[in-house]
Amino acid sequence: MSVTAIATATPSAIGSFRTRRSTNGVSRFKMSVRSGSVSMAAAPMLTKLQQDCATPLPVIRNVVASMSDDIRAGLAVDGGSDLKMILSYVDSLPTGDEKGLFYALDLGGTNFRVLRVELGGKDKRVIAIESDQVSIPQELMSATSEELFDFIASALANFAHKDGNFPGKKGEIGFTFSFPVKQTSIDSGILIKWTKGFAVSGTAGKDVVACLNEAMDRKGIDMRVSALVNDTVATLAGARYWDDDVMVAVILGTGTNACYVERMDCIPKLQGEFSPSGRTIVNLEWGAFSKGLPLTVFDRDMDAASINPGEQANSSFNIFEKTISGMYLGEIARRALLHMAEEGSLFGKSMREKLSMPFVLGPYLFRNPTIPNCCRTPDLSTMQQDGTEDLHTVGSVLYNVAGVESNLSSRKIVLEVCDTVVKRAARLAGAGIVGILQKIEEDTKDAIFGKRTVVAMDGGLYERYPQYRRYLKEAVAELLGPETYQNIVIEHSKDGSGIGAALLAATNSKYGRNL
């Protein structure tokens, strides 16, 4: 849709909303006509946004090359690039032969999950999965390390003893821990800092596996952590269990990250260390990537006003994450719309108090504990799914969530803003994926592009936002070309991190099979 078409759209659309109740109890809106001319001044601003966010083929090709170069530099030496290229110490991936009863603990926010997975080898694979989700009380998020881990251990004990199904031998756990750690082995990692609203004392600088093991000792639980992983690595392991062609895993949710299977002789900073398999999983921490990204004034302003001042105030810190992940897409769109409302009368004389609130628009359901009452419905995605002639759903979201009145002309501009932000995000994410694939291919010809290769995807943004998913795949296809793209499978691996952690506990079992 052209900007001219938007600006001159027929003004017979909803202008001001007045809520009333229908006979079936559903809210409806009384419509009044307003002139579409209020959006004329916003049209050039939309054009500027589209230009600044543009991701034509040369731009995303440059992102691919820069991602590949940064991967190589980060593998050469710690601190060699924006990408941390963290060694996971996962040198053996699930084969399907694993048997026994194993547990997973997934701690990545204000809720954590515990899972029990019974494995039956190649013939039976996964015999049974049971899981519970536990909410962490608010007070424990700022308690002591012992108090938090004692609570987690108690929940694990209650789950393990449920139905009398506690293993007779020592239980083994795959621990998915999605906070910054410096991993030192497959079953140990030093906490760098708490994030996501946690301020637990006495843990920074300590081994989080030791903290959990000690808590289990205090509770009399005969279990031990066999594998410490982040959610991206666990997703790759979980997907690889079912498909030997999985080489890359990507999380696209509130945040984002990627990992892949690398040859150990392609990691100079290992200094000659090798495993029997000759391969390991490397965690990119790709949110910190920064080269060649098309940025807008709204990205820079949002970055400067980051909720993590002092660390993310620098535009080179996690800027890739801020352009492609779910935490930030709605906020970028909100800032653009607020600018158009203030400088271009996008919403006429509507009051803009709610639209001025940071993070009032969300691309999908997420909860940010650092922002009060931040549990947004899928606003951006909902608006982009609107198929009504007068874009009634868009108007409803704008009125109920952002507190502004709109007409058809302004709604069309809103849709263009959403599409512009989301298209850039998805195409950059696609370019990042191709950058990983290209790096592997450069070292081993036809290892990727000459055969079937699977990229496992997880996260609510990818799962619940169809436009994002479509734009990402289109970018990958455009970059690779039809012949190569037909060998690349981008596959949703729903909730793969939970079973993946249990599988890695099995693969790295210390005590033998727990049938």
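Small disclaimer: the values here were computed from a predicted structure and weren't measured.

Asks: Explain the sheet that holds strand S7 (residues 171-177) to me, using residue names and the numbers behind them.
Replies: One open sheet holds the five strands; their spatial order is S6-S5-S4-S7-S10, and the pairing between them is mixed. The open sheet has two edge strands, strand S6 (126-135) and strand S10 (223-229), and neither has a second partner. Each strand of the sheet is rotated relative to its neighbour by a mean of 20 degrees, with strand direction disregarded. Pairing analysis gives nine bridges linking strand S4 (residues 99-107) to strand S5 (residues 111-120), with the strands arranged antiparallel. For Leu101, the partnering residue across the bridge sits in S5 and is Glu118. On top of the sheet, helix H6 (residues 208-218) reaches S4, S7 and S10; it is set at about 160 degrees to S10, its chief contact. Across the sheet, helix H7 (residues 231-242) lies against S5, S6, S7 and S10, angled at about 95 degrees from S10, the strand it touches most.

Asks: For helix H15 (residues 466-480), give the residues involved together with the corresponding values.
Replies: Two residues of an α-helix separated by three or four positions point the same way, owing to the 3.6 residues in each turn. An ideal rise of 1.5 Å per residue puts 21 Å on 15 residues; H15 measures up with 21 Å between its terminal C-alpha atoms. Turning to H15, its buried residues number three or more, namely Gln467, Tyr468, Tyr471, Leu472, Ala475, Val476, Leu479 and Leu480. Phi for Gly481, located one or two positions after H15, is positive at around 85 degrees.

Asks: Can you break down the sheet that holds strand S3 (residues 86-87) residue by residue, with the values?
Replies: Pairing is mixed across the open sheet formed by six strands, whose spatial order is S3-S13-S12-S11-S16-S17. Either end of the sheet is taken by a strand with one partner, and the two such strands are S3 and strand S17 (488-492). The sheet contact formed by strand S12 (residues 256-263) and strand S13 (residues 279-283) spans five bridges and is antiparallel. Its bridge partner lying in S13, Tyr260 is registered against Val282. Packed onto the sheet, helix H13 (residues 408-443) meets strand S11 (246-252), S12, strand S16 (453-458) and S17 and runs at close to 10 degrees relative to S12. The strands touched by H15 are S11, S16 and S17; relative to S17, the strand with the most contacts, the crossing angle is about 165 degrees.

Asks: Got a sec to walk through the packing of H13 against H15? Specific residues and values, please.
Replies: One way to put it is that H13 packs onto H15 with a least axis distance of 8 Å and a crossing angle of 45 degrees. Of the possible angle classes, the one that applies to H13 and H15 is oblique. Read as a crossing pair, H13 and H15 show a hand that is right-handed. Contacts between H13 and H15 pair Asp419, Val422, Lys423, Ala425, Ala426, Arg427, Ala429, Gly430, Ala431, Ile433 and Val434 from the former with Tyr468, Tyr471, Leu472, Ala475, Val476, Glu478, Leu479 and Leu480 from the latter. Each residue belonging to the contact of H13 with H15 can be placed in one class, and the counts come to 14 nonpolar, one polar and four charged.

Asks: Can you tell me about the packing of helix H2 (residues 43-53) against helix H10 (residues 326-344), naming the residues and giving the values?
Replies: In a pair of packed helices, the angle between the axes and the distance between the axes together describe the arrangement. Orientation of H2 relative to H10, taken along the N-to-C sense of each, is 150 degrees, at an axis distance of 9 Å. With respect to H10, the axis of H2 lies roughly antiparallel. Viewed along their axes, H2 and H10 form a crossing whose handedness is right-handed. Contacts between H2 and H10 involve Met45, Leu46 and Leu49 from the first element and Ala336, His339, Met340, Glu343 and Gly344 from the second. Partitioning the contact of H2 with H10 into residue classes produces five nonpolar, two polar and one charged.

About the cut-offs
- Residues numbered from 1 in each chain as written.
- Predicted model: local features only at pLDDT ≥ 70, side-chain atom pairs only at ≥ 80, totals over all residues.
- Heavy atoms only, no water.
- Pairing = 2+ DSSP bridges.
- Helix = DSSP H or I, 4+ residues; strand = E, 2+ residues; numbered from the N terminus.
- Axes fitted to C-alpha atoms, helices over the stretch in contact; angles between N-to-C directions.
- Contact = heavy atoms within 4.5 Å.
- Expected span 1.5 Å × (residues − 1).
- Buried < 20%, exposed > 50% of the residue type's maximum accessible area, 1.4 Å probe, protein only.
- Parallel < 35°, antiparallel > 145°, perpendicular 65-115°, else oblique.
- Left-handed = near helix turned anticlockwise from the far one by under 90°.
- Nonpolar A, V, L, I, M, F, W, Y, C, P; charged D, E, K, R; others polar.

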